[in-house]
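The primary structure of each chain is shown beneath.
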Amino acid sequence: MPYLLDNAPGAPGIEPRWTSSAKTGVGTALSTTSPVWFTISHGILNEVYFPRVDSACIRDMELIVTGPEGYFSEEKRDCISETRMTEAGIPTFRIVNSSRDEFYRIEKLIFADPARAVVLQRITFVPLVGRPSDFHVHALLAPHLGNGGMGNSAWIGGPDDAKVLLATARGQYLALAASLPWRAASAGYVGQSDGYQQLRTCGGLTPRYQRADDGNVALCGEIGFDAENPTVVLALGFGHSETEAATVAAKSLWAGFKPALEAYRKGWAGWQGRLRHLDGREAAGNTAYRVSTAVLASHRAADRPGAVVASLSIPWGASKGDGDLGGYHLVWPRDLVEAAGGFLAAGDAKEALAILDYLREVQLASGRWSQNLWLDGRPYWNGVQMDECAFPILLVDLLSRKTVLSRRRMAPYLPMVRKAAGYILAHGPATPQDRWEENGGYSPFTLAVEIAALLAAADLLEAAGDPDAAMLLRDTADSWNDQIEDWTFATSPAICEPAGVFGYYARNAPDGPTDSAAIGDAKTPIRNRGCDLSALPARDVLSPDALALVRFGLRAADDPRIIETVKALDHHLRIELPQGPLWYRYTGDGYGEHADGAPFDGAGIGRPWPLLTGERAHYELAAGRPAEAEALLATMEASAGDGGLLPEQVWDGDDLPERELWRGRPSGGAMPLVWAHAEHIKLRRSLADGAVFDMPRQGVERYQKNQAPPRLRIWRPDNRIRRIDHGLDLRLILSRPALVHWSTDGWVAPRDLETRRSSLGVHVADLGIAALEAGSVVRFTFLWRDTGQWENLDYDVSVTARP
């Protein structure tokens, strides 16, 4: 296999890009000896992750077929692809790619070797015209080792009779070996001298290059198919050295495809066999439920028990480069808790507990969690999301209610709960950013999670012998719960009048959107919303987030304000698609493709989310309408892609085949979305149980059944209330100790009060003003005990009559 030149020209190649997020398959071996995860799209292998589930190592790997008279056919673009899981819940994938011109067919079986870091593909090439010798079939591989396309080096190694295609970057290596000899092989720079360019222009790997260093590179090898050998096994191995990567690939080929397949299948079948049977009527087939459970398990880390990434995809990946290091293969604490609920609902309590242990390990010293993070706990984005600080508390509560955590086993998690609850006391609500990561202000979803978490933490800490902390948490929850309507119930005519409602729960951003590019252009009406969004105040954003008030037990499903909100949601945010009704995230959402289908680039138009159909189904179940919930379950499942994977969003416009967008089918966002699959599993469980699986009980008891009233309002330096209703006490919550110098008579007879330190890490002072008449003014300032300095600023709170 001679080489004309040692080094390929055209360095460093074109700017690298990732690939389609529209996966039809994701998988991994349930084995700690196989730290590799693979994805499939358009009939080919896409991103493969090694040695961790947050580290992508290739862009894609496809076949290119050449033949007489300049024939050139690219597998991912020129074939009609069918991908299916071979057994229910076992992510081995059988792919049939038939060329559109009916010249050939390619048959594949893909899975991961459970004994080593290798992805195996058994590939059969079937010519449909002519003879096998008329065609030349080439494997084209694009390394993106260590989450990056630039800075990779590729070369051809090994002896002449056993060539291996190799690459490295950032301390990681890959090796592609074949059970048939490579007839030719070459390394090159993408867009300049790579195999694609050579085959497209010359019909063969001419010239052949030994190396391509430090750039956006690709490897290409011609597979030695002939009439006697129509099938090849390709082993894509990974390691931390050239020797390790080449050795695991060779050992996998030597050990045999069938034994590896049987071991892989056995591992998955054993796990699936221990789960609850929530398959429904399709139990004998490859059910949506089993696909969802496989998706959750395929996103787990091998070396960090309990870590689950949000998606093995990069939204609109074909338009994203090295600047988008994380994609969705990061841990979001919110998504992680949702995944834990999915595992628990499916019957895997061990995995749910492992997730809780992981959350305990990566909690920050402040008590919160990073907005998202790498597996080792390093933050990726630096935002603060209060619901992500509260969700882990709710997971502890859920595991306790489902008897996974007994009181005896609770002790290791109480410090986590205490720190998280203390952070919520000191910083929520109205701390920047809600669950969609784009808005500041008050969100019904965030408020519901915070309040439910405080009530759950109160129960946990009281059971552990800390009644004072429990009372502080419940007082705070009562105060915030009583203010939900003041903070979030809106009456914007742009929403109310077209829907015929008197008001609705809103995401209320007092200062307007924090990021106009992320929120979207409010001057552009969004189709299918039922209103011109140019008339909608930025502070009163309608969103299905309001249903969280029911989901987390704070409001009844038949509360008149909830019912009005549901009417508004259905008028403005519901869309009928071929599979049934879906909902948008919120009015003015700018996260989605542009109107012409161009990929999201920091701006766009939000599209419907199947996840929200699952949430709406849970609301319908809570409202006592299981038939409606069942119908929405069917809609959610029908929103999946061809491989049964649930997308982040679906396309709501007319078909745009040139952009692979079809009405009601997945758009270019993430697919699969672990959160959506977790919601799907929980919905299946909820319908089987006849009740919402993960609804906390504390809010239902305290606010719906007992209608517990508040007894105080809370003032914090970052939430300086100016008014308080007559009959309520005023509580100051501070981050450090202070002497409170205060007066109700304009400093005629001032009083002093030392703050008390709570076991939750905050300092508290109750001014005891419940008896003050309306019209009174409370004035106070602080002497900070840690510095000995006065605040030098007076704060006023007016007592007002209750409306």
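Since the structure is predicted, the reported quantities are computational estimates derived from the model, not experimental observations.

Novice: Even after reading the chapter, I still don't get the packing of aromatic side chains, so can you show me in this structure?
Specialist: Where two aromatic rings form a pair, the distance of their centres and the angle of their planes describe that pair. Evaluation of the coordinates by the stated rule reveals 32 aromatic pairs. For the ring pair Tyr71 and Phe103, a centre distance of 5.1 Å and an interplane angle of 10° mean the geometry is stacked. Here Tyr71 is found in strand β6 (residues 71-74), whereas its partner Phe103 is found in the loop between β8 (90-99) and β9 (104-113), with 32 residues between them in sequence. The class of Tyr71 is buried, set by a relative accessible area of 14%. With a relative accessible area of 31%, Phe103 lands in the partly exposed category.

Novice: Sorry, what's going on with the packing of helix α11 (residues 444-463) against helix α12 (residues 467-482) here?
Specialist: Geometrically, a packed helix pair is captured by the angle between its two axes and the distance between the axes. One way to put it is that α11 packs onto α12 with a least axis distance of 8 Å and a crossing angle of 160°. If you check the angle between α11 and α12, you find them roughly antiparallel. Considering how the two elements wind past one another, α11 and α12 form a crossing that is left-handed. Together, Glu450, Ile451, Leu454, Leu455, Ala457, Ala458, Asp459, Leu461 and Glu462 of α11 and Ala469, Ala470, Leu473, Arg474, Thr476, Ala477, Trp480 and Asn481 of α12 make up the contact between the two elements. Of the residues that constitute the contact of α11 with α12, the class distribution is 11 nonpolar, 2 polar and 4 charged.

Novice: What should I look at first to understand the sheet that holds strand β24 (residues 712-715) in this one?
Specialist: Hydrogen bonding along the main chain pairs the strands of a sheet, whether they run parallel or antiparallel. With mixed pairing, the 4 strands of this open sheet are ordered in space as β24-β26-β30-β29. What marks the edges here is a single partner per strand, and that holds for β24 and β29 (756-757). For strand β26 (residues 729-734) and strand β30 (residues 763-766), the ladder comprises 4 bridges, and the chain directions are antiparallel. Along β30, the bridge assignment pairs Leu732 with Ala765. Across the sheet, α12 touches β24, β26 and β30, and the angle it forms with β24 is around 95°.

Conventions used here
Residues numbered from 1 in each chain as written. Predicted model: local features only at pLDDT ≥ 70, side-chain atom pairs only at ≥ 80, totals over all residues. Heavy atoms only, no water. Phe/Tyr/Trp six-rings, centres within 6.5 Å; stacked < 30°, edge-to-face > 60°. Helix = DSSP H or I, 4+ residues; strand = E, 2+ residues; numbered from the N terminus. Buried < 20%, exposed > 50% of the residue type's maximum accessible area, 1.4 Å probe, protein only. Axes fitted to C-alpha atoms, helices over the stretch in contact; angles between N-to-C directions. Parallel < 35°, antiparallel > 145°, perpendicular 65-115°, else oblique. Left-handed = near helix turned anticlockwise from the far one by under 90°. Contact = heavy atoms within 4.5 Å. Nonpolar A, V, L, I, M, F, W, Y, C, P; charged D, E, K, R; others polar. Pairing = 2+ DSSP bridges.

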